[in-house]
Amino acid sequence: MDKSVMDLHPGIIVGFAVVILVMLLLDLGIFNKKAHEVSSKEATIWTIVWISLSMIFSGVVYWVFNNDVGGHAVAIEKFSQYQAAYWIEKALSIDNLFVFILVFGFFKVPKQLHHKVLFWGIIGALIFRAIFIFAGVGIINLTYLPEFNLFGSPVRINIVMTLFGVFLFYAGIKSWGGHNDEEAEKDFSDSAGAKLVKKFWKISDTYDGDRFFTIKNGVKMATPLLVVVAVIEFTDVLFAVDSIPAIFAISDDPFILYTSNIFAILGLRSLYFLLSNFIYMFSKLPYGLAIILSFIGVKMLISPWVHIPSPVSLGIVGGILVISVIASIMFPNEKTN
């Protein structure tokens, strides 16, 4: 494993944690203390804030490695790893927006409550992503086969990375074209998250403001809002099955993977409000995401023989995203109600 940011400046861990905590407190405790419908202007501001913070942090990563390791090449590599992991997670997370829209529509969640649901969904993502990333890196480091010669060249194959590569390549092919009508008609009240809540509490028939629990006829009951949060949490875990293995192809530094992942996830909430009314304008994006997944799968499979540098991966992923967006604008689908 390459030297991590944590090995060089442990204080950066504390700084990162403080920034995230302060931003979350400002978000929920001050700017969104009262439930309200998030406007496009507010969503745009928060989207710019989160993307700016993530880009600033990538600059910190570059500065640390450029000064403490003493090599511009190493700093560029780490900077590119962060950027590639961030934009891969951001791109794959955008696919979540489609499902979020379906979930909110299915449960008829009032628009002023969307922010609270997504906020608590983000809190869950912070925890689960940490578990997946740090455990994943540990498992990967333990599953290298002994080096052997293949076709006259020494190779060292990782079992987990190979399985991830096959899975991502298959996932990319399977997801070609995006979501189908069957998914759009899915009964989310029968999903794992909804079943879990129903197992412990009775569910009220109506919302009670932004409360997760209410009292009906002297009985404490969960509101549908708690069910929606649980569904969103489980949906994020399912999407992480694609996105987390994908970023393992970029770097084995858990701090770079986690910070880039969290910045991408934190910005997803504001991006939802910004794009929810215009998601039809990005109709070709699912095709681009499918190509990205397949590319990352191939990168994992050939890594014992061919190393694709992080700057090259970043350029390929960025190029695919740009082409997908341009194609969506040039050949838009008609907006459907």
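Note: the structure precedes this text.
The structure displayed is predicted, hence computed values, not measured ones.

A. Highlighting the pattern of salt bridges. Scanning the entire structure with this criterion turns up 6 salt bridges. We note a salt bridge from Glu 89 to Arg 129, for which the minimum N-O separation is 2.9 Å. In this pair, Glu 89 is assigned in helix α4 (residues 72-106) and Arg 129 in helix α5 (residues 114-142), connecting sequence segments 40 residues apart. Between Asp 236 and Arg 129 there is a salt bridge, and its shortest N-O distance comes to 2.7 Å. Taken together, the positions of Asp 236 in helix α9 (residues 224-248) and Arg 129 in helix α5 put the pair 107 residues apart, joining distant regions of the chain. With a relative accessible area of 6%, Asp 236 lands in the buried category. Classification of Arg 129 by relative accessible area gives buried; the value is 1%.

B. Main features of the side chain of Thr 235. Relative to the helices and strands, Thr 235 resides in helix α9. A relative accessible area of 9% means that Thr 235 is categorised as buried. At 2.7 Å, the side chain of Thr 235 forms a polar contact with the backbone oxygen of Val 231. Sequence-distant contacts of Thr 235, that is, excluding residues within four places in its chain, are made with Val 99 and Phe 100.

C. Structural context of the packing of aromatic side chains. Counted according to the given criterion, the structure contains 18 aromatic pairs. Note on Phe 106 and Phe 107: the rings are 5.0 Å apart at their centroids and 80 degrees apart in plane angle, and the pair reads as edge-to-face. Under the relative-accessibility criterion, Phe 107 is labelled buried at 15%. Measuring from centroid to centroid gives 4.8 Å for Trp 176 and Tyr 287, while their planes differ by 75 degrees, and the two rings are edge-to-face. Here Tyr 287 lies in helix α11 (residues 285-302) and Trp 176 lies in the loop between α6 (159-174) and α7 (181-184), a separation of 111 residues in the sequence. Ring pairing ties together the aromatic residues Phe 57, Tyr 82, Tyr 86, Trp 87, Phe 255 and Phe 263, which thus form one cluster.

D. Structural detail: the pairing of strand β4 (residues 219-222). Sheet analysis places strand β3 (residues 213-216) next to β4, joined by 4 bridges and oriented antiparallel. For Lys 216, the partnering residue across the bridge sits in β4 and is Val 219. Here β3 hands over to β4 after 2 residues, with Asn 217 in that stretch at a positive phi of 55 degrees.

E. Representation of unusual backbone geometry within the structure. The phi torsion at Lys 108 lies on the positive side, around 50 degrees, for a residue other than glycine. Mapped onto the elements of the fold, Lys 108 is located in the loop between α4 and α5. One non-glycine residue with positive phi stands out, namely Asn 217, at about 55 degrees. Position of Asn 217 relative to the elements: it lies in the loop between β3 and β4.

F. Looking closely at the packing of α4 against α11. Between α4 and α11, the least distance of the axes is 10 Å, while the angle of their chain directions is 135 degrees. Here α4 is positioned oblique relative to α11, judged by the angle of their axes. Regarding α4 and α11, the two cross each other, and that crossing is left-handed. Contacts between α4 and α11 involve Ile 88, Ala 91, Leu 92, Ile 94 and Asp 95 from the first element and Leu 285, Leu 289, Leu 293 and Ile 296 from the second. For the contact of α4 with α11, the class distribution of residues is 8 nonpolar, no polar and 1 charged.

The rules behind these values
- Residues numbered from 1 in each chain as written.
- Predicted model: local features only at pLDDT ≥ 70, side-chain atom pairs only at ≥ 80, totals over all residues.
- Heavy atoms only, no water.
- Salt bridge = Lys/Arg side-chain N within 4 Å of Asp/Glu carboxyl O.
- Helix = DSSP H or I, 4+ residues; strand = E, 2+ residues; numbered from the N terminus.
- Buried < 20%, exposed > 50% of the residue type's maximum accessible area, 1.4 Å probe, protein only.
- Polar contact = N/O pair within 3.5 Å; in protein donor to acceptor, adjacent residues only side chain to side chain.
- Contact = heavy atoms within 4.5 Å.
- Phe/Tyr/Trp six-rings, centres within 6.5 Å; stacked < 30°, edge-to-face > 60°.
- Pairing = 2+ DSSP bridges.
- Axes fitted to C-alpha atoms, helices over the stretch in contact; angles between N-to-C directions.
- Parallel < 35°, antiparallel > 145°, perpendicular 65-115°, else oblique.
- Left-handed = near helix turned anticlockwise from the far one by under 90°.
- Nonpolar A, V, L, I, M, F, W, Y, C, P; charged D, E, K, R; others polar.

Nothing here speaks to function; it is all geometry.
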